[in-house]
Amino acid sequence: MRFLKILPLLMVLFPGVVIAQTTVDSLTYHLDEYLHKKDLPGFAVVILNNKGPIYQKGFGYADIKNQKTFTPKTIQNIGSVSKTVVAVALMKAIELNYFTLETDINEILPFKVVNPYRPDQLIRVKDLTTHTSGIIDNEDMFNRTYRFRKSSDLDPILGQFMKAHGYTSDLADTTLQTFLKSYLSPTGKLYSAKNFYDSEPGKRASYSNVGSALAAYLIEVKSGMSFPAFTEKYVFGPLKMHHSDWYLTRRNLKQHSVPYFTKQMAFPYYTLTTYPDGGLRTSALDLSKYVLEMIRGLNGNSKILANESVKTMFKPVFTAATVPANMNLQTRNKGVFWNIYNDGYIGHDGDDPGVTTNILFNDHIGIVFLTNIYLKDRTDILKILKKYGERLVKK
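If you look the protein chain up in an unreviewed UniProt entry, it shows as Serine hydrolase domain-containing protein from Pedobacter panaciterrae.

Draft legend 1. Structural context of unusual backbone geometry. Of note, asparagine 97 is a non-glycine position whose phi angle comes to about 65 degrees, a positive value. For asparagine 97, the location among the structural elements is in the loop between α3 (82-95) and α4 (125-129). The class for asparagine 97 is exposed, based on a relative accessible area of 69%. Not every positive phi belongs to a glycine, and histidine 131 is a case in point at roughly 60 degrees. Structurally, histidine 131 can be placed in the loop between α4 and α5 (139-142).

Draft legend 2. Main features of the nonpolar core. In terms of nonpolar packing, the biggest core is built from 87 residues, with Phe99, Val113, Leu214, Tyr290, Met313 and Trp338 touching the most fellow members. Residues in contact with valine 113, not counting those within four places in the same chain, are Ile105, Asn106, Ile123, Ile135, Leu184, Phe196 and Leu214.

Draft legend 3. Inspection of the pattern of salt bridges at higher detail. What the rule picks out here adds up to 14 salt bridges. One salt bridge in this structure joins arginine 124 and glutamate 102, with 3.8 Å as the shortest N-O distance. Residue arginine 124 is found in the loop between α3 and α4, and its partner glutamate 102 is found in the loop between α3 and α4; the two are separated by 22 residues along the sequence. Here glutamate 102 falls in the partly exposed class, since its relative accessible area comes to 46%. Here arginine 124 ties to aspartate 127 by a salt bridge, and the two come within 3.1 Å at their closest N and O atoms.

Draft legend 4. Representation of the layout of surface pockets within the structure. Here the largest pocket defines a volume of roughly 940 Å³. Elements that contribute at least two residues to the lining of the largest pocket include exactly α5, β6 (260-262), β10 (332-334) and β12 (346-352). In terms of residue count, β12 provides more of the lining of the largest pocket than any other element does, 5 residues in total. In terms of residue class, the lining of the largest pocket is built from 12 nonpolar, 17 polar and 9 charged. Taken as a whole, the second largest pocket holds about 400 Å³ of empty space. As for the second largest pocket, its lining consists of 17 residues, of which Lys65, Asp153, Val258, Ala266 and Phe267 are closest to the centre.

Draft legend 5. Fine view of helix α6 (residues 156-164). With a side-chain oxygen positioned 2.8 Å from the backbone nitrogen of isoleucine 157, the residue opening α6 is aspartate 155. Glycine 166 sits one or two positions beyond α6 and adopts a positive phi of about 80 degrees.

Draft legend 6. Focus on the packing of α3 against helix α9 (residues 227-236). Where α3 contacts α9, the axes come no closer than 10 Å and their chain directions differ by 80 degrees. By the criterion of interaxial angle, the relationship of α3 to α9 is roughly perpendicular. The segment α3 lies against α9, with Val85, Val86, Val88, Ala89, Lys92 and Ala93 engaging Phe227, Phe230, Thr231, Tyr234, Val235 and Phe236. Here the contact of α3 with α9 is built from residues that sort into 10 nonpolar, 1 polar and 1 charged.

Draft legend 7. Inspection of the UniProt feature "domain: Beta-lactamase-related" (unreviewed entry) in the protein chain at higher detail. Mapped onto the present numbering, the UniProt feature "domain: Beta-lactamase-related" (unreviewed entry) falls at residues 31-373. Across residues 31-373, the secondary structure splits into 29% helix and 18% strand, with the terminal C-alpha atoms separated by 16 Å.

Draft legend 8. Structural view of the packing of helix α7 (residues 176-184) against helix α8 (residues 209-223). Relative orientation of the contacting elements α7 and α8 amounts to 125 degrees, with a least axis distance of 11 Å. Taken together, the axes of α7 and α8 are oblique relative to one another. Where α7 crosses over α8, the handedness of that crossing is left-handed. Note on element contacts: α8 touches α7 through Val210, Ala213, Leu214, Tyr217 and Glu220, opposite Leu176, Gln177, Phe179, Leu180, Tyr183 and Leu184. Counted by class, the contact of α7 with α8 contains 9 nonpolar, 1 polar and 1 charged residues.

Calculation notes
- Sequence order sets the numbering: in each chain, residues are counted from 1 along the sequence as written.
- Where totals are concerned, whole chains, interfaces and linings use all residues; where local detail is concerned, this predicted model gives features only for residues with pLDDT of at least 70, and gives and counts side-chain atom pairs only at 80 or more.
- The side-chain figures draw on all heavy atoms in the structure; neither hydrogens nor water molecules are used.
- Elements are defined by DSSP. Helices are runs of H or I of four residues or more, strands are runs of E of two residues or more, and each kind is numbered from the N terminus.
- When accessible area is computed with a 1.4 Å probe and restricted to protein chains, residues below 20% of their type maximum are described as buried, those above 50% as exposed, and intermediate ones as partly exposed.
- Put simply, buried Ala, Val, Leu, Ile, Met, Phe, Trp, Tyr and Cys residues joined by side-chain atoms within 4.5 Å make one nonpolar core.
- Note on contacts: a residue pair is in contact if any heavy atoms of the two residues lie within 4.5 Å.
- Whenever a carboxyl oxygen of Asp or Glu lies within 4 Å of a side-chain nitrogen of Lys or Arg, that contact is scored as a salt bridge.
- Put plainly, a pocket is an open set of points on a 1 Å grid over the protein atoms alone with protein on both sides within 12 Å along at least five of seven lines, a cavity is a set where a 1.4 Å probe fits but cannot get out, and a lining residue has an atom within 4 Å of a point.
- Grid points are joined across faces, edges and corners, and a volume is the space filled by probe spheres set on the points.
- Note that Gly is not counted as nonpolar here; it falls among the polar residues with everything else outside the nonpolar set of Ala, Val, Leu, Ile, Met, Phe, Trp, Tyr, Cys and Pro and the charged set of Asp, Glu, Lys and Arg.
- By the criterion applied in these results, polar contacts are pairs of N or O atoms within 3.5 Å in which, for protein atoms, one can donate a hydrogen and the other can accept it, and in which residues neighboring in sequence qualify only through two side-chain atoms.
- Under this scheme, a helix contributes an axis fitted over its contacting stretch, all axes are lines through C-alpha atoms, and angles between N-to-C directions fall in the 0 to 180 degree range.
- Working definition: roughly parallel below 35 degrees, roughly antiparallel above 145 degrees, roughly perpendicular at 65 to 115 degrees, and oblique for all remaining angles.
- UniProt positions are given in the numbering used here, feature names are shortened, and annotations may be inferred rather than shown by experiment.
- Working rule for handedness: look at the near helix, and if it is turned counterclockwise from the far one by less than a right angle, call the crossing left-handed; if clockwise, right-handed.

Quick look at the structure:
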């Protein structure tokens, strides 16, 4: 009651400070409530304006057993948000004159990709970036590309679930190049009509992790560098993202969250054969540096890409007249891998075993959300972050 009596006076004397503080408190309250309502292990949030973070906080645990709290510096793999780094790397590769979005991928590759339904039709780089190449994820094969560490602590029930869903970690082709050749080339051991749609490139959408990884591999071929080396040189290094890596290392394991199936069952740590499509390991704080760069790009101030590259990357590709089958423009369009949402935000979501992530931004606000469990629906958390984030940015 005493606070309520002096609140009007405080608002008169310090209106911006009081309103901002109550917004921060309300945001923190709702995030903590969300953690317990959804019974999550933990998560981290960063909200930023066009200068940098204005709110950063962790909730719950990165490791329940060892009581390690989840903080904005906690590292985890971020699922398909990784594909946006492929987008940025592709635009840099185009600036370096390696190829264009119109280039036939078979002009670049050391092996030939052949859709058995459409063997003579060209697949262009841009077909990969819009998930319309005709290359699809054959689930019976693709889930085997997750390479889980052996664990004596694996819960038997979770072990049965993993086996039932094909998470067997038993593929022989364990490098990006050998897997892609085996999966996409007619001479490959994993080659199958089930790896493709019977559709003309550009005419049917099907979200493809394999196609996304192939886009990253194009950069390796033309640059003569590994994709991790290329992204370190042109993305992570310039942005000082010193805690971002494509590999599971002894160093990042010290800060790494445990990937949970439920709060009582944890997945073993894992890597991905097709790692560019979902294997980036980073923290919410490091990822906020990347989102800040995207905001700067929208405002014509990118440090790592030319303005024309940024415009191309974020330009909606499809219209009502050109939208491919199996794609709905009611909520979002596609740029170069990026989702262009109809509410004015740009971003991407990610999920994998024990992983849910989102990044969103426009020209004045950025949002980063990482949690160490799979969430089928993240509508509520994004509503909270957008609502209070917009209020904080306006102060």
